[in-house]
Amino acid sequence: VGGMFALAILTPIRYIGPVHASAPVATETELDAATPLNVDWDGIRLLGYRLESTEAEAGGKLVLHLYWQALQPIDWDLMALVQLVDQEGQFLMYVDGSPTAGRDTTDRWSPGIPLASRHTLTVPDYGEPGEYTVTIGLHPFGESSWLTVTGPNGETVGDHLVLPVTIHLLAP
């Protein structure tokens, strides 16, 4: 009985707690190493990104670091869809979750503080070798409507950002 009680107490802390943990603040070193983007989605800025590699094998992993910043208080919880897309525009895989990779929700972000996130993208075993791109879109939690991406000069980019990098998927 004591073991079950301990399990009942520890399980929520272990699995639910990280969702509400504060996102790590991005360091100057991380921001300096990132490729700058400075694109906005309705009060949230994607400052930049860094890929640990631009090559992956089918069944392997890509690690993407994203650096975010709230420009103003955010009244809603937004989700980020990160996709690996082939040359025909078809997605090979995607992850959909908090922009800070399962950490703090956007409605808890403090304006002006750069936040770091690490997204591990698992490439499916059936991925065909070739060139791919990474796209990012934001949408309100529980909705499928996409926020518009605005570029660094105020121009409308669309509803998804295509990162300016090519991913090379290799045969295993």
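So, here's what we can say about the structure. It should be emphasised that the depicted structure is a prediction, and the values quoted were computed from it without experimental measurement. (Residues numbered from 1 in each chain as written. Predicted model: local features only at pLDDT ≥ 70, side-chain atom pairs only at ≥ 80, totals over all residues. Heavy atoms only, no water.)

### Let's talk about the overall build of the protein chain
Line of reasoning, step 1. Helix and strand counts for the protein chain come out as 2 helices and 12 strands.
Line of reasoning, step 2. Reading the helices (α) and strands (β) of the protein chain from amino to carboxyl end gives α-α-β-β-β-β-β-β-β-β-β-β-β-β.
Line of reasoning, step 3. A buried classification covers 42% of the 172 residues belonging to the protein chain.
Line of reasoning, step 4. Taking the contacts inside the protein chain whose residues are at least 6 apart along the sequence as the reference set, 70% of them involve residues at least 24 apart.
Line of reasoning, step 5. With an accessible surface of roughly 9,200 Å², the protein chain has 55% of that area assigned to carbon and sulfur atoms. (Helix = DSSP H or I, 4+ residues; strand = E, 2+ residues; numbered from the N terminus. Buried < 20%, exposed > 50% of the residue type's maximum accessible area, 1.4 Å probe, protein only. Contact = heavy atoms within 4.5 Å. Areas by Shrake-Rupley, 256 points an atom, 1.4 Å probe, with all protein chains shown as cover.)

### Details of the pattern of salt bridges
Line of reasoning, step 1. Enumeration according to the criterion identifies 3 salt bridges in this entry.
Line of reasoning, step 2. Of the charged contacts, one joins D40 and R45 as a salt bridge, the two residues approaching to 2.7 Å between their closest N and O atoms.
Line of reasoning, step 3. For D40, a relative accessible area of 15% gives the class buried.
Line of reasoning, step 4. Given the relative accessible area of 24%, R45 is considered partly exposed.
Line of reasoning, step 5. For E52, the salt bridge goes to R118, with nearest N and O atoms at 4.0 Å. Of this pair, E52 sits in the loop between β2 (44-51) and β3 (55-57) while R118 sits in strand β7 (residues 115-122); the two residues are 66 residues apart in sequence, bridging distant segments of the chain.
Line of reasoning, step 6. Assessed through its relative accessible area of 46%, E52 is described here as partly exposed. (Salt bridge = Lys/Arg side-chain N within 4 Å of Asp/Glu carboxyl O.)

### Regarding the packing of aromatic side chains
Line of reasoning, step 1. On inspection of all chains with the given rule, the structure shows 3 aromatic pairs.
Line of reasoning, step 2. Ring plane angle 50° and centroid distance 6.4 Å describe the contact between W68 and W109, whose orientation is recorded as tilted. Taken together, the positions of W68 in strand β4 (residues 61-70) and W109 in the loop between β6 (91-97) and β7 put the pair 41 residues apart, joining distant regions of the chain.
Line of reasoning, step 3. Grouping aromatic residues by their ring pairs yields a cluster made of W41, W68 and W109. (Phe/Tyr/Trp six-rings, centres within 6.5 Å; stacked < 30°, edge-to-face > 60°.)

### A short note on the environment of L71
Line of reasoning, step 1. Considering the arrangement of structural elements, one finds L71 in the loop between β4 and β5 (78-86).
Line of reasoning, step 2. Setting aside chain neighbours within four positions, we find L71 in contact with D40, G43, R45 and P111.

### Focus: the nonpolar core
Line of reasoning, step 1. Counting 36 residues, the largest nonpolar core has W41, L46, W68, L84 and L163 as its most contacted members.
Line of reasoning, step 2. Sequence-distant contacts of L84, defined by excluding residues within four places in its chain, comprise L62, Q90, F91, L92, M93, V123, Y132, T133, V134 and I167.
Line of reasoning, step 3. Of all hydrophobic cores here, the second largest spans 5 residues; its members include A26, L47, Y67 and A116. (Core = buried A, V, L, I, M, F, W, Y, C linked by side-chain atoms within 4.5 Å.)

### Points about unusual backbone geometry
Line of reasoning, step 1. Phi is positive for N38, which is not a glycine, with a value near 55°.
Line of reasoning, step 2. Among the structural elements, N38 can be located in strand β1 (residues 35-41).
Line of reasoning, step 3. Overall, N38 belongs to the partly exposed group, its relative accessible area being 33%.

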